[in-house]
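These are the residues of each chain, in order.
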2 protein chains.
Amino acid sequence: MKLSKLVGTRIKEVPNGANIKSHILLLRAGYIKQVSTGIFSLLPPAQRVNLKIQNIMREEMNKLGGQEVQFPVVMPRELWEMSGRYNSIKSEMVRLKDRANHDMVLGMTHEEAAVHMLMNNVTSYDELPCMIYQIQTKFRDEPRPRAGLIRAREFTMKDAYSFHTTQEDLDAFYKKAYDAYIRIFKRIGFKNFIVVEGDNGMMGGKVSHEYMAVTPSGEDSLVICPKCHYSSNMEVAVSKRDENDHAVAGDIEEIFTGNAHTIEEVCAFLEIDAKHTAKAVCYKAERDGSLVLAFLRGDHEINELKLQKFVKSELTPADTEEFGLYAGNIGFLNLNLPQNSHVFFDVSLKGLENLVTGANKKDFHLKNVSMSRDVPNAEYVDISLVKEGERCIHCGEVLQFTRGIEIGNIFQLGTKYTNTMNMKINMPDGSQINPIMGCYGIGIGRSLASIIEEKADEKGLVWPMTIAPWQVHFCPLRLDDENVATIADELYKQMSDAGLEVLYDDRNLSAGIKLTDSELMGIPIRVVISPKTMQEQQAEITMRESGEKFFIPIKDLVSELKEIIKGEIDEIEKK
Amino acid sequence: MKLSKLVGTRIKEVPNGANIKSHILLLRAGYIKQVSTGIFSLLPPAQRVNLKIQNIMREEMNKLGGQEVQFPVVMPRELWEMSGRYNSIKSEMVRLKDRANHDMVLGMTHEEAAVHMLMNNVTSYDELPCMIYQIQTKFRDEPRPRAGLIRAREFTMKDAYSFHTTQEDLDAFYKKAYDAYIRIFKRIGFKNFIVVEGDNGMMGGKVSHEYMAVTPSGEDSLVICPKCHYSSNMEVAVSKRDENDHAVAGDIEEIFTGNAHTIEEVCAFLEIDAKHTAKAVCYKAERDGSLVLAFLRGDHEINELKLQKFVKSELTPADTEEFGLYAGNIGFLNLNLPQNSHVFFDVSLKGLENLVTGANKKDFHLKNVSMSRDVPNAEYVDISLVKEGERCIHCGEVLQFTRGIEIGNIFQLGTKYTNTMNMKINMPDGSQINPIMGCYGIGIGRSLASIIEEKADEKGLVWPMTIAPWQVHFCPLRLDDENVATIADELYKQMSDAGLEVLYDDRNLSAGIKLTDSELMGIPIRVVISPKTMQEQQAEITMRESGEKFFIPIKDLVSELKEIIKGEIDEIEKK
């Protein structure tokens, strides 16, 4: 490909609205163009990367015995009503009416379509296990599309669905898929990613894992044990709570705290540490409008997701007055709540003495509250976020915190879809069962952007050899020199004929512009020839990632480049 | 791939609602499943064909210098308003609102997206010509989806867009694209397709060509000259009109024709041939509500598409009373029309004498009307359909009629999009122009279905080697025979290791079921081994298309199959 004809412009300026490395560089290097909020066109270099990532996924899915299929983007309401998700998924799913006024949706995931495909097509136990997968456009109407391809509304996804007759069979297959995903991300070139236990969210099912590219720009908070390799999304992370003093409790005293309502204000007013307080968080359960009251140690933060799982409902912040509570003065003693209220005590409170907590009386708190003495029947559950300094629940090591981008996830779905959609498999004993499903998804654009977050530097993109749009950026300088121009054309032909993927900067521009462009575009190997290198019959090689520079005799260029490329690919794939 | 694990069931019955060969067989052979009207999932065999067709297209587009990109499926209203098509395209385009209540559309074609991608990205004359293409899902809300993949609402399309500084440059590139399309269809395996002049419809522009798979099940009527290879879609076909008598006209007479209003009734009443009459067709122009009156010889039929081009407006049937005309008695003499009316004379009337035509008086016609004497200033245009028995305008041969399926089309778009969207190219002389565009589209599912219409027989599908889901259908019989089973597994391994694409029918079922399934699935080469063939250490080969049968020693199986496959591919690709 000649750069002079490549569609796309490279720019120096940071584009408006882009504030994450991958988004900025993809725009600056001419890889993507925004068409609408969270909707992008891929220019030729990005599409080349896209196809290479797709091929890696195809290979790994095929190795698992996966069969590639294609589901529709536009699906009828009826299909999504069978699983109950037509109503349970809210405005993240786009709905539309066709010309016959029929309700349709844009596919944001394809469990229903997968079950629909197999119903009546796969009916016997000996046809299982099987896995189907597709690579297809999905649309999720994100409330806050951001960060370019990382949280786009329209994106290409590889999604796979497996079907099993027993949980053991799913477990065995799930393990293989788990490993295949690790291979995929390694082959894409990720060096810094981890697998964490996930939350199943709208998918249903119990076991799930998220593959996280570890990067400070990630949206997700991660908890990692450096010793035993426990790792988890903050949303579901657990820990050993740190110790607290267990001094015997004094007698409860009611104290005037006035306008001190937040934990910080109360602590400042009483000159105590937050870990000697118990705070309350109030929600309303969406399911039935009941009050949900959660108590935790003052220096801990509520984990709404964990709490939602106990309540089995979405939660919204409660209007405390509606329930007769005094915001800032809520405690668990002298409580007078509506009958259908739910009260939870976080594990951080367990065994604590001499606590300060709200008195359920305007402008008053209680001192010297004892969990064991004053609420002897409390049951403790884990509803708080893991906190800096806490220890691994498995090995006791102090946990570390980082951030990540979810680049893939795998789920054990159970029979949620096959049951609601009534898909049956005939078993050897004549009975019928709903098969057990697993599903496995990777966003391709998000993988593409995340590898940039991992690898790019201040000069521009840095592509791993396995997914680079081209392998070689051929950058002859001084093309006004006839000798250079002739040799350049000849070398380009040689390299192309040898099957190398070469981007040929055939523009007669200054070395500054050409070299800067090559750094911005991020192709792994840069080959420079110039009147100077020609004197020695050499080409100058620069490796984009390491910055390493060396010379190769022009006569050996093609064969040496082949070796380098093979070496880079082997290095990535074997890891 | 083992057939026992292949997702999909083969059935004998013709499925409800399917009445065209490709639709019936794709359903019966387990290739597709309907998800909604005109919306299908592709099962693994169809997806394999789909990917092979895509690869042929990629290769041919890349040979043309095409750069692969990806546009979004969901686009904002604003993009389509720039070209004016947000309003001009009616309910064929699906509209939806996103969660922010913003108007969006589903892409049914991507001219706007192509121009949007290149705007500000390609700005200089020396970057042109360039062509970008994508392979992507499209949605067209067809009023009457039918015939399975042939007229589906959702489908995968390869669409390409080229940009040029001059008409000459477009012409030269258009010729290359024209040839590339011929190569694509040949490589897919079409033997019976033609290129006809097309109608540009909603695309704009003037020159266009349609690639038509010739088949009786086609929706389009085609006109073909068997001598000079003129061919055209009936919609735009032209011909030499047949001769008529030119007897000198007598004097005009007004005659009472009573209730005889249609041409058939008038001819029966007066005992004359329809070719001695002139009939009128009345329309209202959508543009301004004006009357459009077209006269043509009584035995000819109006071609609305041709007429629309002269009027430059969509047409709807007119209410004759509204314009003071007597339906069934309209003629071109004694006409009294509103000022903004349009009157057209078809070429079929040129030079005719002694015509019967309406008298513009209730229940009366005129006799002995002469075109030359009575309407000496008439201008004749071609607004009628070509008729059986008429001759080629180029060589005079009698034209033939057939039917076809449009499998591809190419258009010269002019500057319609670059002008309305204000895309500018800087020229060497400092001026700016709107580049001239071409566009080039192939529906992949429609190609897949049309090759079935051409090739399939009463037993089932017949795939050309270049796009077959697998090359070899390996069908060992009597798998309960341990010797057969062992050799079969070994041969399957040998063939797979050698890179052959093999579907292995590993089911221990009767020969009848297995062979019938193989014929239904349509894989080019069937390899049978059985206790009988094993005695001679041979495998029986059956070529699906020709029915040819022969034996190959088992020891030579892999090498001979390789030869056969290579031969078949060469045969298709060289044609």
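Residues numbered from 1 in each chain as written. Chains lettered and ligands numbered in written order. Predicted model: local features only at pLDDT ≥ 70, side-chain atom pairs only at ≥ 80, totals over all residues.

(A) The arrangement of the nonpolar core in detail. Counting residues in hydrophobic clusters, the biggest one holds 261 residues, and the most contacted among them are Ile132 and Val472 of chain A together with Ile132 and Val472 of chain B. If we ignore the near neighbours within four places in the chain, the residues touching Ile132 of chain A are Gly66, Gln67, Val69, Ala114, Met117, Ala160 and Tyr161 of chain A together with Val7 of chain B. (Core = buried A, V, L, I, M, F, W, Y, C linked by C-beta atoms within 7 Å. Buried ≥ 20, exposed ≤ 12 C-beta atoms within 10 Å, placed from the backbone. Contact = placed C-beta atoms within 7 Å.)

(B) Inspection of the domain arrangement of chain A at higher detail. Domain annotation of chain A identifies domain 1 (8-236 + 401-454), domain 2 (253-381) and domain 3 (472-574). On a C-alpha basis, the centroid separation for the pair domain 1 of chain A and domain 2 of chain A is 39 Å. (Domains from an automatic or database assignment.)

(C) Seen up close, the sheet that holds strand E25 (residues 472-474) of chain A. Residue and element names in this part refer to chain A. Taken in spatial order, the five strands make up an open sheet running E26-E25-E27-E28-E29, and their pairing is mixed. Each of the sheet's edge strands pairs with one partner strand only, and the pair in question is strand E26 (502-504) and strand E29 (549-553). Mean inter-strand twist for the sheet, computed between neighbouring axes without regard to direction, equals 25 degrees. Strand direction decides the pairing type here: E25 and E26, joined by three bridges, are parallel. Its bridge partner lying in E26, Phe474 is registered against Tyr504. Docked against the sheet, helix H12 (residues 482-497) engages E25 and E26, running at close to 160 degrees with respect to E26. (Pairing = 2+ DSSP bridges. Helix = DSSP H or I, 4+ residues; strand = E, 2+ residues; numbered from the N terminus. Axes fitted to C-alpha atoms, helices over the stretch in contact; angles between N-to-C directions.)

(D) Expanded view of the relation of the copies chain B and chain A. Once chain B is rotated about the relating axis by 179 degrees and shifted along it by 0.0 Å, it coincides with chain A to within an RMSD of 0.7 Å. Viewed as a symmetry operation, the transformation between the two copies matches a two-fold axis. Of every C-alpha in chain B, the one belonging to Leu96 of chain B sits nearest the axis of rotation, 2.5 Å from it. (Least-squares fit on C-alpha atoms with pLDDT ≥ 70 in both.)

(E) Representation of the pairing of strand E27 (residues 525-528) of chain B within the structure. All names here are of chain B. Taking every second residue as pointing to the same face, both faces of E27 are buried, with Ile525 and Val527 on one and Arg526 and Val528 on the other. Both E27 and strand E28 (residues 538-543) contribute to a ladder of four bridges, which runs antiparallel. Across the sheet, residue Val527 finds its bridge partner in E28, namely Ile541.

(F) How the structure looks around the sheet that holds strand E5 (residues 95-97) of chain A. Residue and element names in this part refer to chain A. Pairing is antiparallel across the open sheet formed by three strands, whose spatial order is E4-E6-E5. Both edges of this open sheet fall to strand E4 (74-76) and E5, since each of them pairs with a single strand only. Direction aside, neighbouring strands of the sheet carry axes that sit 40 degrees apart on average. In this sheet, strand E6 (residues 103-106) lies alongside E5 in antiparallel orientation, the contact comprising three bridges. In the sheet register, Leu96 faces E6, and the bridge partner there is Met104.

(G) View of helix H5 (residues 111-118) of chain A. Burial runs high along H5 of chain A: eight of the eight residues are buried. Within H5 of chain A, burial applies to Glu111, Glu112, Ala113, Ala114, Val115, His116, Met117 and Leu118 of chain A.

(H) Local environment of the interface of chain B and chain A. Counting residues at the interface gives 49 residues for chain B, matched by 49 residues for chain A. Residues that form the side of chain B that touches chain A fall into these classes: 25 nonpolar, 15 polar and nine charged. (Nonpolar A, V, L, I, M, F, W, Y, C, P; charged D, E, K, R; others polar.)

(I) Seen up close, the packing of helix H1 (residues 21-28) of chain A against helix H11 (residues 444-455) of chain A. Residue and element names in this part refer to chain A. Two numbers describe how H1 lies on H11: the axes approach to 8 Å, and their chain directions differ by 105 degrees. For the element pair H1 / H11, the angle class is roughly perpendicular. Of the residues in H11, those touching H1 at Lys21, Ser22 and Leu25 are Ala449, Ile452 and Glu453. (Parallel < 35°, antiparallel > 145°, perpendicular 65-115°, else oblique.)

(J) Structural detail: the packing of helix H2 (residues 44-63) of chain A against H11 of chain A. All names here are of chain A. Look at H2 against H11: their axes get within 10 Å of each other, and the N-to-C directions meet at 110 degrees. One finds that H2 runs roughly perpendicular with respect to H11. In contact with Val49, Asn50, Ile53 and Gln54 of H2, H11 contributes Ile444, Ser447 and Leu448. For the contact of H2 with H11, the per-class residue count stands at four nonpolar, three polar and no charged.

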